[in-house]
Amino acid sequence: MNVAKPFEISKKLVWQAYLEVKSNGGAAGVDKESIETFEQNLKNNLYRLWNRLSSGSYFPPPVKAVPIRKKSGGLRILGVPTVTDRIAQTVVKLVLEPMLEPVFDENSFGYRPGRSGLDAIAVTRTRCWKYDCVVEFDIRGLFDNIQHDLLLKALRRHCHCRWVLLYVERWLKAPLRQQGGGLVARHRGTPQGGVVSPLLANLFLHYTFDAWMRRELPGIPFCRYADDGLLHCRSRQQAEDVLRRISERFRQCGLEIHPDKSGIVYCKDGHRIGEYSRISFDFLGYTFRPRRAANQKGQVYTRFLPAISRASVKEINRHFRRWHIQLQSDKTWSDLSRIFNPILRGWYGYYGRFYPSALYTIWNHFNRYLVRWVCRKFKRFVRHKRRAWRYLAHFAHAHRDLFIHWRLGAFPYGLNDRSRMN
């Protein structure tokens, strides 16, 4: 063994990690070094990192604390590593992920290759038709409260690579640098924003929840996406017992479920009668609740179905406002399509998978911004909003490939919709 290089880490692995970090982008850490700055001396920077990782002399710098506002209110502290540290974490992730993936449960969907939120939505939709009740839970401050000793114990059970274990332990102990410059020591948790943190959180929750469910409550189907989870029960009584038991389990492992984001929901549809206090829940940007549906014969009935949530609609509308489309009169139609259509297509790809008709309010809202753009772009439509609507309606039919919602038939209101043009 090379005394100076006790760990065998290939340079190719470091290069692969760099390419992954580059493709993901991200802000600078405590050293204020961006990816572009890192690349100015790329060869030497990567060699230096490889040398330190291979010799065991790599010590992660403090993590930059960045407060971000949560959709539900309040602040969440995001830990931003430096570019060099993100590459180092990616090196470990590339080695560790193949070891842990076969261990994880098939009902765990978050932060895993080949699995997505839409897969979790699809599984949940089917189970809601089969089971009367859903127990939903949200873990309060998961990334801030992971117990280091329990996590390392689980990691050592599946990973025997000494340098991976060494650097994971160092990352767990790396301090947090606050905006004022002070350092905060960390005795628990893994920074939300670190490359390897989601993988470690999944491992922790696998033993805290997934494997425990298989052992203690094998007859209860569950679906977990990171710190959000759903369990399906046949009765209210069973759901109350399950909620009590998982709450106690999380407490035993140093975690707590959020009281305002956890509870029992009745999956009401046309065949399930009775009055219940909660008949809807939000999960991964979708709202599950009773909705009208039609079968192949055209018969209308009520079924418990997912569609884009009100919170997601509001967030998309906030994007529209921030874009200031109406002020971009220097742009052409092709420019607008190139800038905005990929984003619209991404939203449709996610939120249009289930109950796509719920997206029409979004498409109509976007059309309204296009009308305002038309009124500024073309002088003949100034103070003639109705004419602008008619122009846009004809233009959309003739150029439906410019935007995804036009291709889907969500055209601007035309001549027969004057009441909606105001």
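This one's a predicted model, so the numbers in the text were calculated from it and none came from an experiment.

Conventions we followed
- Residues numbered from 1 in each chain as written.
- Predicted model: local features only at pLDDT ≥ 70, side-chain atom pairs only at ≥ 80, totals over all residues.
- Heavy atoms only, no water.
- Axes fitted to C-alpha atoms, helices over the stretch in contact; angles between N-to-C directions.
- Helix = DSSP H or I, 4+ residues; strand = E, 2+ residues; numbered from the N terminus.
- Parallel < 35°, antiparallel > 145°, perpendicular 65-115°, else oblique.
- Left-handed = near helix turned anticlockwise from the far one by under 90°.
- Contact = heavy atoms within 4.5 Å.
- Nonpolar A, V, L, I, M, F, W, Y, C, P; charged D, E, K, R; others polar.
- Expected span 1.5 Å × (residues − 1).
- Buried < 20%, exposed > 50% of the residue type's maximum accessible area, 1.4 Å probe, protein only.
- Arc of directions from axis to C-beta.
- Pairing = 2+ DSSP bridges.

As a further point, take the packing of helix α3 (residues 42–55) against helix α4 (residues 83–100). At a closest axis distance of 11 Å, the pairing of α3 and α4 adopts a crossing angle of 50 degrees. Considered as vectors, α3 and α4 are oriented oblique to each other. Remark: the crossing between α3 and α4 carries right-handed chirality. Taking contact as the criterion, the partners of Leu46, Leu49 and Leu53 in α3 are, on α4, Thr84, Ile87, Ala88 and Val91. By residue class, the composition of the contact of α3 with α4 is 6 nonpolar, 1 polar and no charged.

Next up on the list: the environment of leucine 78. As for its position among the elements, leucine 78 is in strand β2 (residues 75–80). Note: C-alpha distance between leucine 78 and arginine 127 (49 residues apart in sequence) is 34 Å. Among all residues touching leucine 78, those that are not within four sequence positions of it are Lys64, Ala65, Val66, Ile68, Gln192 and Gly193.

The next point concerns α3. In this model α3 runs 20 Å from its N-terminal to its C-terminal C-alpha over 14 residues, within 8% of the 20 Å that 1.5 Å per residue would give. Of the positions making up α3, those classed as buried are Leu42, Asn45, Leu46, Leu49, Trp50, Leu53 and Ser54. Each buried residue of α3 sits inside an arc of 155 degrees when the element is viewed along its axis, so together they form one side. Against α1 (11–24), α2 (35–39), α4 and α8 (162–173) lie the buried residues of α3. In the stretch just after α3, glycine 56 is the one whose phi turns positive, near 80 degrees.

We now examine the sheet that holds β2. Taken together, the 4 strands give an open sheet; going across it, the order is β2-β1-β4-β5, and neighbouring strands pair in mixed fashion. With partners counted over all chains shown, the strands left at the sheet margins are β2 and β5 (183–184), one partner each. Relative to strand β4 (residues 176–177), strand β1 (residues 63–69) is paired through 2 bridges, and the arrangement is parallel. From the neighbouring strand, lysine 64 faces β4, where its bridge partner is arginine 177.

Let's shift gears to unusual backbone geometry. Of note, alanine 226 is a non-glycine position whose phi angle comes to about 60 degrees, a positive value. Residue position: alanine 226 is located in the loop between β6 (222–225) and β7 (228–233). Unlike most non-glycine residues, tyrosine 355 shows phi in positive territory, near 50 degrees. Structurally, tyrosine 355 is set in the loop between α12 (333–351) and α13 (360–377). The class of tyrosine 355 is partly exposed, set by a relative accessible area of 28%.

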